[in-house]
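Examining the three-dimensional arrangement
If you want the building blocks of each chain, they are given just below.
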Amino acid sequence: MVTRQALKGREMAALLRGIFKGSPCSQPSGVLRRLQIYKHCIPLVESGDLHLGKVSEIIGLLMLEARQLPGHALAEVATLFVDVIKGGSLSNGKSLELFSTVLTALASSKESLAYGKGNPSQFLLPSLWDPRSVIHLANMFRDIPLSGEELQFVVEKILRMFSKLDLQEIPPLVYQLLLLSAKGSKKTVLEGIISFFNQLDKRQKEEQRVPQSVDLEVATVPLDQLRHVEGTVILHIVSVINLDQDLGEELIKHLKTEQQKDPGRALCPFSVALLLSVAVKHRLQEQIFDFLKTSITRSCKDLQFLQASKFLQDLFPQQYDVTAVILEVVKNSAFGWDHVTQGLVDLGFSLMESYEPKKPFGGKAADTSYGLSKMPAQQACRLGASILLETFKVHEPIRSDILEQVLNRVLTKAASPVSHFIDLLSNIVVSAPLVLQTSSSKVTETFDNLSFLPIDTVQGLLRAVQPLLKVSMSVRDSLILVLQKAIFSRQLDARKAAVAGFLLLLRNFKVLGSLSTSQCSQVIGASQVQADVHACYNSAANEAFCLEILGSLRRCLSQQADVRLMLYEGFYDVLRRNSQLASSIMETLLSQIKQYYLPQPDLLPPLKLEGCIMAQGDQIFLQEPLAHLLCCIQHCLAWYNSTVHLCQGAEDDDEEEDVGFEQNFEEMLESVTRRMIKSELEDFELDKSADFSLSSGVGVKNNIYAIQVMGICEVLIEYNFNIGNFSKNKFEDVLGLFTCYNKLSEILKEKAGKNKSTLGNKTARSFLSMGFVSTLLTALFRDNTQSHEESLAVLRSSTEFLRYAVSVALQKVQQLEETGQTDGPDGQNPEKMFQNLCKITRVLLWRYTSIPTVVEESGKKKGKSISLLCLEGLLRIFNTVQQLYAARIPQFLQALDITDGDAEETDINVTEKAAFQIRQFQRSLVNQFSHAEDDFSSKETQSLITVLSTLSKLLDPASQQFLQFLTWTVKVCKENDLEDIACCKGLLSLLFSLHVLYKSPVSLLRELAQDIHACLGDIDQDIEVESRSHFAIVNTKTAAPTVCLLVLGQADKVLEEVDWLIKKLTSLGSGTSEDSSQASNQTQALEKGVILQLGTLLTVYHELVQTALPAGSCVDTLLRSLSKTYAILTSLIKHYIQACRSTSTTIPGRLEKLVKLSGSHLTPQCYSFITYVQVRPKLTVPKAKVLRDTKPIPNLIFAIEQYEKFLIHLSKKSKVNLMQYMKLSTSRDFRINASMLDNALQERNTEDAENEPDNDQSSTAEQTDENQEPKKKRQRKK
């Protein structure tokens, strides 16, 4: 009847109420009838046949009446529910509301205790749950009173059900679980959710790596579905954390402890995304960001630590990199994780600001692209930029926000380096220039502040937004307005900014008919097409626009030298990219040079130098950088002759007009060359008697003149060499110009030497271009063409000129290494610079290897030999290539190998090529060692060793070549009795740096320590040390302090590694890992490694503490190093104490041996060494040294005593007597010096003999003294 009524949709409540009213609980029949109703209604409600409204009505009524049922009836209803749940026939879970009421009633029912059913959860906890009913059950448990253990059991059971559920059902279940966690077990809930999704992510990755894996039992989860589910789960967790602050605290606490044990499990993509979502609208933001930042830097430090040591790599084959995880989060966030993006942006900026470069790297934008990823802090900064760039690419809505924040930082951080932000801006613009059109107002706002920014920032900023200028007219116009204002600014920096901006515009807006030069076209990404279209249909406007800018720039030619300098350096690039502006630019330059050129053919000197300087009060400074002007003319003319003449015949009228200035320039340069060669230094008033001191006005003027004249000579050398086409006369002119340059250079050096001025060592920056230097060197050293022989002989005859050419190359490479670019044309073009570097390296390498230094007869002359200069150049180049062109090292090595120039780029083996170059320098080094003592060059040997260590970085440590090089280095150190300290230091450092990449260097250190001991003798002079010379490089001159300090330095590095390992051990020990057998295997491997390292190190110190080391740095460093060793031994003992507490592990035999070794071979010797240092004859050692040597002694004694204290603890815990190996230590506060005691007693006896008659008096006096002394002390205390 009930079913019928319900299905018909009639009034159910009245019927049920009637039945309940007629079935009072006081009568057994009434109770039975009620039970029948419950047993019938529960399956009916879950059948799914009824309307939801009816279901709620029935359940509501049954819940009301449930409280009246007696205990046994409640128990029966509960059992019915258990059967329904096991059977999996819960359709909507509505009846579970009734179940929770029944269980609660059952728990409070006194009668139920009689039935033994007092614990309601016992109905459900042990039973099997149908996966379909888990969500309803989780919801139900919130309403049931549960004890802590029961709750833990429920939570764990629900977490185990995750894997059996469909992925779509997990978010609602997670939500119910989180609400349930309000009762407790928060850590278990969070840990379970994170590890579940971490496993899913890992499985997904595996499947992507091996797509056709048949043996996978679990069906593949679609990636987008998984990501959407993860996103929803994260949202649920964040919403619950907003309601329950403790859950957020628990999340951070859990991840922090987990990270100590296993960072891979703690910081997986899911947990990082979760943290970033929580950080957005929460007071936990600071905590979360601090945690993430320390995790990132720690991960970078650990990776750096591991890469530097083969010993650690063997123990930790899998390396965890948190940076990859965070970038994966950015990638995952593309699946609609909008709640993560703000956290990512904040983290990115936080990293970039926390770890920004501390000092300017020369201020050039190119600088940040190299040498930055060495330090953990710099890697963190680089990661911040990557996060922002990738987020910018993936998430459109947040782009304008990122752009605005980057621009704000460029403006507000003007005082500190902003190169990393400018690089980021540049990458953002390249990735999406069209997107920036919508944010163009922000860019134009930034332009308004250009005149207040440093010039380097301005150049970087304009270079970064340059693609946008081609796309957006409004941005370009607003920039021009700003620049035109800035040209008339009072601030010099503002005017320089204006020039930089205008030159950039001229370079990038082509006039119709300009030649396209492929080398200089810049990659602009998506805007390229639009920009080119824009350039085509508007080229007439472009021409007017460019000529207007040129007009503005002409005004700058009357401003300060700095502003003119920028123009002269920028004109060549403008001309090369915008050839139609050639005549305008050339005319401008012609009118400028005519102001200083004296056309009369017989006048000497040919240029008015006095017009180039300006006096203001007492100060004299440069007004016109004449050499730079000539340099600019020479480069523009060379470009014009080589390029425009190829395209002749286009417009004859223009051509005639152009020929005018071309002829003018050529005649002028010819005349200047002729007259400069004839001119004597007296014509410039710069002879030897001239004053060059920087303190007087005349001296400053003469210095400026000298630098200008030298610059002009260099410019003309390049000009005449280039147009000379290997004619003998032209090369004679080149040599004549060099003679003038060299005379001046010598005078300046001589005067600087006398004045001891700081500028003395700095040579003026050369005006030769990098391209010309590579051409000149190739011609001088490698040109074997028959027709060039006679003319080149002119230049080759001058050793001074050859040395000058090599030293300029050296200067150019140094500038490239320091700033990432060089002066002159193509100086900022990395491709051209790379090609020039390869050419220069080839020449220097050939010159150095084919003509040894000894052959050169320049020993008598002053200055370095050419070979030595070549070697220095090679050293700088190898460094520069590894810094600037790390990605192109294969091509670089290929270019050096002249034998197989045709090899394919794909099959370049870097290790083989590097090993080939290394062999050449090895031969040179062996030759150095075989020379007689008079011919041995310390400087050259040092440079060779440095070159070898630089090249060794290119070898793969696992390769055969690396092992051969290491074996050779060991052999050199063993066989050569080097007495030169610097070379010895270089060789041993090279040996250590190679050895750590092959295996742990402890055995090597032991041999070196034995050699030091044998060389310097024992602290006990009666003992003769057995002479076991392993390394000839350790001799009386080098043993102390050089080798000793190097050995101690390396030992300290090993101690750091051991300390790091012990920390890892402790964190592994504290974690209860699921795969405990794997963890215990790893623990054992680590413990074995630590004990073996420490054992060998103890033997190293055993040798050193018995060595009669000279007072000073060696003793000081050794004492400090010993303190550190004992501290680390103590850490190891503490680790074992902890292990004994947590598990019933026995102490390994290795540890006993280590303790025994420390007790027999180190502690007693340490005390003897301390006594030796303190009692060493005071006369021979200055007092300051004694004080410095004895300062670390108390720390060492404390460290030893701490070690022994914890040994006693461990002995008690492990029931193994470890103290049996330790001898009783000397009591340091009271020692009787026997010889001093004998002397004192003898003196006392003689005094007694003299004073015998006054014996009584003296004794009474002593008594009174004794009585009074304590009184004085007491008074002092008051």
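As annotated in an unreviewed UniProt entry, the protein carries the name FA complementation group I and is attributed to Bubo bubo.

The secondary structure content of the protein amounts to 55 helices and 2 strands. Burial statistics for the protein: of 1278 residues in total, 51% are counted as buried. If you take every contact in the protein between residues at least 6 apart in sequence, the share linking residues at least 24 apart comes to 76%. Per element, the accessible surface of the protein, about 59,500 Å² overall, is 52% carbon and sulfur.

Attention now goes to a positive patch on the surface. A contiguous patch of positive charge, built from Arg1141, Lys1212, Lys1213 and Lys1215, is present on the exposed surface. Inspection of the secondary structure assignment puts Lys1212 in helix α53 (residues 1193-1214).

In a soluble, globular protein the nonpolar side chains are often hidden away together inside. Counting 277 residues, the largest nonpolar core has Phe447, Leu450, Leu505, Leu589, Leu777, Phe921 and Leu1151 as its most contacted members. Looking at which element gives the most residues to this core, the answer is helix α47 (residues 1039-1070), with 15 residues. Excluding anything up to four places from it in sequence, Leu450 contacts Val458, Leu461, Leu462, Leu479, Val482, Leu483 and Ala497.

Quick look at the pairing of strand β2 (residues 619-622) now. Pairing geometry for strand β1 (residues 613-616) and β2, over 4 bridges, is antiparallel. In the strand pairing of β2, Met614 is matched with Phe621.

Here we take up unusual backbone geometry. Pro605 follows Leu604 through a cis peptide bond whose omega is -10 degrees. Within the element layout of this structure, Pro605 appears in the loop between α31 (582-594) and β1. One non-glycine residue with positive phi stands out, namely Asn725, at about 50 degrees. Since its relative accessible area comes to 64%, Asn725 is described here as exposed. Phi is positive for Lys1215, close to 60 degrees, though the residue is something other than glycine. Along the chain, Lys1215 falls in the loop between α53 and α54 (1234-1250).

The tally for this structure, following the rule as stated, stands at 26 salt bridges. Note that Asp302 and Lys1064 form a salt bridge whose closest N and O atoms lie 3.5 Å from each other. Placement of the pair is Asp302 in helix α16 (residues 285-307) and Lys1064 in helix α47, with a sequence separation of 762 residues. The buried category is assigned to Asp302, whose relative accessible area is 17%. Of the residues examined, Lys1064 reaches a relative accessible area of 21% and is grouped as partly exposed. Between Asp562 and Lys496 there is a salt bridge; the shortest N-O distance is 3.9 Å.

Further remarks concern the side chain of Ser798. In this structure, Ser798 sits in the loop between α37 (789-796) and α38 (799-819). Judged by its relative accessible area of 16%, Ser798 falls in the buried class.

Mapped onto the secondary structure, Leu1094 falls in helix α48 (residues 1076-1104). Under the relative-accessibility criterion, Leu1094 is labelled buried at 0%. Sequence-wise, Leu1094 and Val1002 are 92 residues apart; in three dimensions their C-alpha atoms are separated by 8.9 Å. What Leu1094 contacts, discounting residues up to four positions off in sequence, is Leu1055, Val1058, Ile1128, Leu1129, Leu1132 and Leu1154.

Turning our attention to the packing of aromatic side chains. For the structure shown, the criterion picks out 23 aromatic pairs. Both rings, one in Phe349 and one in Phe421, keep their centres 6.5 Å apart while their planes meet at 25 degrees; by these two values the pair is stacked. You can see Phe349 sitting in helix α19 (residues 338-354) and its partner Phe421 sitting in helix α22 (residues 419-431), a full 72 residues away along the chain. For the residue pair Phe349 and Phe421, the accessibility class agrees, reading buried in each case. Both rings, one in Tyr848 and one in Phe921, keep their centres 6.4 Å apart while their planes meet at 25 degrees; by these two values the pair is stacked.

Pairs of packed helices are described in terms of their axes, by the angle between the two and the distance that separates them. As a packed pair, helix α11 (residues 186-209) and helix α15 (residues 269-280) sit with axes 8 Å apart at the nearest point and diverge in direction by 130 degrees. The orientation of α11 with respect to α15, classified from their angle, is oblique. When α11 is examined against α15, the residues Ile193, Ile194, Phe197 and Asp201 are found in contact with a partner set consisting of Pro269, Phe270, Ser271 and Leu274.

This brings us to the environment of Gly1089. Considering the arrangement of structural elements, one finds Gly1089 in helix α48. Considered as a pair, Gly1089 and Phe311 are 778 residues apart in the sequence and their alpha carbons are 8.5 Å apart.

The next thing to look at is the packing of helix α49 (residues 1113-1142) against helix α51 (residues 1163-1175). Contact geometry for α49 and α51: axes closest at 12 Å, N-to-C directions at 150 degrees. Classified by the angle their axes make, α49 and α51 are roughly antiparallel. At the point where α49 passes α51, the crossing takes the left-handed sense. Residues Val1115, Leu1118, Leu1119, Leu1122 and Tyr1126 of α49 touch α51, and the partners they reach there are Thr1163, Cys1166, Phe1169 and Val1173. A class-by-class count of the residues in the contact of α49 with α51 yields 8 nonpolar, 1 polar and no charged.

With that settled, consider the state of the cysteines. Across all of its chains, the model carries 0 disulfides by this definition. Residue Cys740 stays outside any disulfide, its sulfur separated by 3.6 Å from that of Cys713, the closest cysteine.

Along its 15 residues, helix α26 (residues 473-487) runs 21 Å from first to last C-alpha, staying within 8% of the 21 Å computed at 1.5 Å per residue. Within α26, burial applies to Val475, Arg476, Ser478, Leu479, Ile480, Val482, Leu483, Ala486 and Ile487.

With 75% of its residues at a pLDDT of 70 or more, the protein shows a mean pLDDT of 79. Note that residues 757-761 has pLDDT below 50 and, in this model, 3 contacts with residues that lie over four places away or in other chains. Confidence drops under a pLDDT of 50 for residues 1255-1278, and excluding neighbours within four residues, the segment shows 0 contacts in the predicted structure.

Thresholds applied
- Residues numbered from 1 in each chain as written.
- Predicted model: local features only at pLDDT ≥ 70, side-chain atom pairs only at ≥ 80, totals over all residues.
- Heavy atoms only, no water.
- Helix = DSSP H or I, 4+ residues; strand = E, 2+ residues; numbered from the N terminus.
- Buried < 20%, exposed > 50% of the residue type's maximum accessible area, 1.4 Å probe, protein only.
- Contact = heavy atoms within 4.5 Å.
- Areas by Shrake-Rupley, 256 points an atom, 1.4 Å probe, with all protein chains shown as cover.
- Patch = residues over 30% accessible without salt bridge, like charges linked within 9 Å, V, L, I, M, F, W, Y side chains within 5 Å.
- Salt bridge = Lys/Arg side-chain N within 4 Å of Asp/Glu carboxyl O.
- Lys, Arg positive; Asp, Glu negative; His and termini not counted.
- Charge placed at Lys NZ, Arg CZ, Asp CG, Glu CD.
- Core = buried A, V, L, I, M, F, W, Y, C linked by side-chain atoms within 4.5 Å.
- Pairing = 2+ DSSP bridges.
- Phe/Tyr/Trp six-rings, centres within 6.5 Å; stacked < 30°, edge-to-face > 60°.
- Axes fitted to C-alpha atoms, helices over the stretch in contact; angles between N-to-C directions.
- Parallel < 35°, antiparallel > 145°, perpendicular 65-115°, else oblique.
- Left-handed = near helix turned anticlockwise from the far one by under 90°.
- Nonpolar A, V, L, I, M, F, W, Y, C, P; charged D, E, K, R; others polar.
- Disulfide = S-S within 2.5 Å.
- Expected span 1.5 Å × (residues − 1).
- pLDDT = per-residue confidence, 0-100.

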